[in-house]
Amino acid sequence: MFYKIKKSILSFYISMNVNSALRQGMFFGINSGVITTTGVIAGLSQATINPYIIIITIISLALSDGLGESYGLYISKKAEKPSDDSNNPLLSLSGLLLMKVSVVLSFLIPFMFSMSTKYFKNLVWPFTWGIFLLTIMDYRLSKLRDEPIYTYLIPHYVIIIFVVLITKFFGQVLSKHS
């Protein structure tokens, strides 16, 4: 089973010729991982400069949000078709969990080189990395559906900009009152 999932993930990057349930979980995990993590970092970085708090928060987010969302999708798929005995809900769970955890943890890459929080504080890293990941995902989805990329790209950019601005604002407001 694990080998099948691993092989499917490699296929996702190469040709996207994977089971639709696994693909659903993977796209959901990438989208959710980028938007959630970018928003958390935008708010958190305004209130703290301790790199360990950022690291602990991101690891906690990867595990709790990854497990919660993937099991939620599993339950949702089971409820959607009660008579379905396929392994599609499990594949969706696996795809979402793997991609969500991987994407969220990827935001820690700068700490592999330096414990400086300047790229988090000024939001250069989380915003740029988030835009990069969403652009790749939107490109893949537009090719998969044979639709123009802007159909997905524009809403994603609007959402991520909104999330960064609003969470940064609340982070600044709360840090002034603490």
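Here the structure is a predicted model, which means the values were calculated and not measured.

(A) The overall build of the protein, seen in detail. The number of helices and strands found in the protein is seven helices and zero strands. For the protein, the α and β elements follow one another from N to C terminus as α-α-α-α-α-α-α. A compact globule built from 178 residues should have a C-alpha radius of gyration of about 16 Å, and the protein, at 17 Å, falls within 12% of that. Looking at the protein as a whole, 43% of its 178 residues qualify as buried. Pairs at least 24 residues apart make up 71% of the contacts formed inside the protein by residues separated by at least 6 positions. In the structure as shown, the protein presents an accessible area of about 9900 Å², 68% of it carried by carbon and sulfur atoms. Computing the positive centroid from 15 side-chain charges and the negative centroid from 8, the protein places the two 10 Å apart.

(B) Representation of the environment of Leu 144. Tracing the chain through its elements places Leu 144 in helix α6 (residues 124-145). Look at Leu 144 and you get partly exposed, because its relative accessible area is 35%.

(C) View of the packing of aromatic side chains. Throughout the structure, instances matching the rule amount to five aromatic pairs. Look at Trp 129 and Phe 132: their rings are 5.5 Å apart centre to centre, the planes differ by 25 degrees, and that puts the pair in the stacked class. In this pair, Trp 129 and Phe 132 both sit in helix α6, three residues apart, roughly one turn of the helix. Judged by its relative accessible area of 44%, Phe 132 falls in the partly exposed class. Seen in terms of ring centroids, Phe 169 and Phe 170 are 5.4 Å apart; in terms of plane orientation they differ by 70 degrees. Their pairing is edge-to-face. Among the aromatic side chains, those forming a connected cluster through ring pairs are Trp 125, Trp 129 and Phe 132.

(D) Seen up close, the pattern of salt bridges. Enumeration over the complete set of coordinates arrives at three salt bridges. Among the salt bridges present, the one from Lys 100 reaches Asp 65, with a minimum N-O distance of 2.6 Å. One end of the pair, Lys 100, is in helix α4 (residues 88-106); the other, Asp 65, is in helix α3 (residues 51-80), with 35 residues separating them in the sequence. As far as the burial class goes, Lys 100 and Asp 65 line up, both buried. Put simply, Glu 69 and Lys 100 hold a salt bridge, and the shortest N to O gap is 3.1 Å. Placement of Glu 69 in helix α3 and of Lys 100 in helix α4 is noted, with a sequence separation of 31 residues between them. Residue classification places Lys 100 among the buried residues on the basis of a relative accessible area of 0%. What you see here is one network of salt bridges that share partners, running through Asp 65, Glu 69 and Lys 100.

Cut-offs applied
- Residues numbered from 1 in each chain as written.
- Predicted model: local features only at pLDDT ≥ 70, side-chain atom pairs only at ≥ 80, totals over all residues.
- Heavy atoms only, no water.
- Helix = DSSP H or I, 4+ residues; strand = E, 2+ residues; numbered from the N terminus.
- Rg over C-alpha atoms; globule rule 2.2 N^0.38 Å.
- Buried < 20%, exposed > 50% of the residue type's maximum accessible area, 1.4 Å probe, protein only.
- Contact = heavy atoms within 4.5 Å.
- Areas by Shrake-Rupley, 256 points an atom, 1.4 Å probe, with all protein chains shown as cover.
- Lys, Arg positive; Asp, Glu negative; His and termini not counted.
- Charge placed at Lys NZ, Arg CZ, Asp CG, Glu CD.
- Phe/Tyr/Trp six-rings, centres within 6.5 Å; stacked < 30°, edge-to-face > 60°.
- Salt bridge = Lys/Arg side-chain N within 4 Å of Asp/Glu carboxyl O.

Read these as geometric descriptors, not functional statements.
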